[in-house]
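Residues per chain, in single letters:
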Amino acid sequence: MSSQMTEDIQIYWHIYDDVDAVAKEAAQRILQYAAEAITNHGIFRLVLAGGRTPEAIYRLLVSADTDWSRWEIYFGDERCLPVDDPDRNSIMAERTLLKFVDIPAANIYPIPSEKGAETAAKEYESVVKSAMPFDVVLLGIGEDGHTASLFPGQKHPSDLLVCPVYHAPKPPSDRVSLCTNALNNAKTIMVLATGAGKRDAIQAWQDGEALPIAEIGGSTSVDVFMDRAAKPS
Ligand code: 6PG
């Protein structure tokens, strides 16, 4: 593990041999933070990452020994697709974790992106406002340095917690994303990066390039879990 201070953000870079080792370590950390949160304040508020990288972690969590009734699930971003579309992050989470564990339905807060980006962002703003600070925010990173659905070159009003996203370079073009100030309002932020495709984005981040991922962190340090393939040489 190495660490780096960029601007005023402390980043810890955790390097593991492969995707399985990243998933195992990240799952163990999430369960450790869940136990602490449930002991300290009776509830564990977790923001799930979308994309493919977290799937292996969600599958590992299924067999966890934890009080699922104390978990609350939120989403860092969502794609504007019909409610049962397999490409939705909520459906990926359902397929890999939520359908196998006893988290009460009332504790799961999908982003209503089927209603369109504007309406969904407005509705989710109040959900996020009452949930913060989160215990753990999970994030992926895109090859262009995007995270959640915050893409390079796209600006969002700084007073919003949840923003509608249009013309996203990664399909679908319409999305909803928690904004940086909401993603940073967390006790722990974990970024997941596996595969050679992420190496250039990680390098650019380490070099201090002004990428959306580089705005993550602040009062909270950032733990990056990556495999050797994603590690810049
Ligand atoms: C999404 C994600 C997005 C994702 C990255 C990495 O909805 O697409 O939230 O931010 O985390 O694009 O995606 P992979 O994990 O599939 O590489």
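Everything discussed here concerns the structure shown above.
Read on for an overview of the structure.

### A few points about the sheet that holds strand β8 (residues 175–178)
Taking strand neighbours across the sheet as the criterion, the three strands line up as β5-β8-β7 in an open arrangement whose pairing is antiparallel. Edge positions in the sheet fall to β5 (77–79) and β7 (162–165), since each of these pairs with one other strand and no more. If you compare each strand with its neighbour and ignore which way they point, the axes differ by 15° on average. Bridge analysis of β5 against β8 gives three bridges, and the strand direction is antiparallel.

### Thoughts on helix α3 (residues 89–96)
All buried positions along α3 are accounted for by Asn89, Ser90, Met92, Ala93 and Thr96. Seen from one end, α3 has its buried residues packed into an arc of 160°, which puts them on one side.

### A few points about the site of the ligand
Contacts to the ligand come from 15 residues, most closely from Thr53, His146, Ala148, Lys170 and Lys198. Contact between the ligand and arginine 79: an oxygen atom at 2.8 Å from a side-chain N or O atom of the residue. Burial of the ligand by the surrounding chains reaches 91%, relative to a free accessible area of 420 Å². Residues of the shell around the ligand, tallied by class, amount to two nonpolar, seven polar and six charged.

### Regarding the state of the cysteines
All told, the structure shown has zero disulfides when counted by the stated rule. Cysteine cysteine 80 remains unbridged, with the sulfur of cysteine 163 as its closest cysteine sulfur at 11 Å. The thiol sulfur of cysteine 179 is not disulfide-bonded, and the nearest other cysteine sulfur, from cysteine 163, lies at 3.0 Å.

### Considering the pattern of salt bridges
Going through the model one piece at a time under the given rule, you end up with ten salt bridges. Residues glutamate 25 and arginine 29 are paired through a salt bridge, measuring 2.9 Å at the closest nitrogen-oxygen approach. Of this pair, glutamate 25 and arginine 29 both sit in helix α1 (residues 19–41), separated by four residues, roughly a single helical turn. Residue arginine 29 is classed as buried on the basis of its relative accessible area, which comes to 16%. The closest approach of N and O atoms between lysine 115 and glutamate 123, which form a salt bridge, is 3.0 Å. Looking at lysine 115, the relative accessible area reads 46%, which means it is partly exposed. Here glutamate 123 falls in the partly exposed class, since its relative accessible area comes to 35%. Salt bridges sharing partners connect three or more residues here, namely Glu55, Arg59 and Arg95.

### Comments concerning the nonpolar core
In this structure, Phe134 and Trp205 are the most contacted members of the largest nonpolar core, which totals 78 residues. Among the elements that line this core, the one with the most residues is α1, at eight residues. With sequence-adjacent residues up to four places away left out, phenylalanine 134 is seen in contact with Arg45, Val47, Tyr74, Val128, Leu178, Ala182, Asn185, Ala186 and Lys187.

### Examining the environment of alanine 182
With respect to the helices, strands and loops of the structure, alanine 182 is situated in helix α5 (residues 180–183). With relative accessibility at 0%, the residue alanine 182 sits in the buried group. Considering only alpha carbons, one finds alanine 182 and glycine 76, 106 residues apart in sequence, at a separation of 9.1 Å.

About the criteria used
Residues numbered from 1 in each chain as written. Predicted model: local features only at pLDDT ≥ 70, side-chain atom pairs only at ≥ 80, totals over all residues. Heavy atoms only, no water. Pairing = 2+ DSSP bridges. Helix = DSSP H or I, 4+ residues; strand = E, 2+ residues; numbered from the N terminus. Axes fitted to C-alpha atoms, helices over the stretch in contact; angles between N-to-C directions. Buried < 20%, exposed > 50% of the residue type's maximum accessible area, 1.4 Å probe, protein only. Arc of directions from axis to C-beta. Near = heavy atom within 4 Å. Polar contact = N/O pair within 3.5 Å; in protein donor to acceptor, adjacent residues only side chain to side chain. Areas by Shrake-Rupley, 256 points an atom, 1.4 Å probe, with all protein chains shown as cover. Nonpolar A, V, L, I, M, F, W, Y, C, P; charged D, E, K, R; others polar. Disulfide = S-S within 2.5 Å. Salt bridge = Lys/Arg side-chain N within 4 Å of Asp/Glu carboxyl O. Core = buried A, V, L, I, M, F, W, Y, C linked by side-chain atoms within 4.5 Å. Contact = heavy atoms within 4.5 Å.

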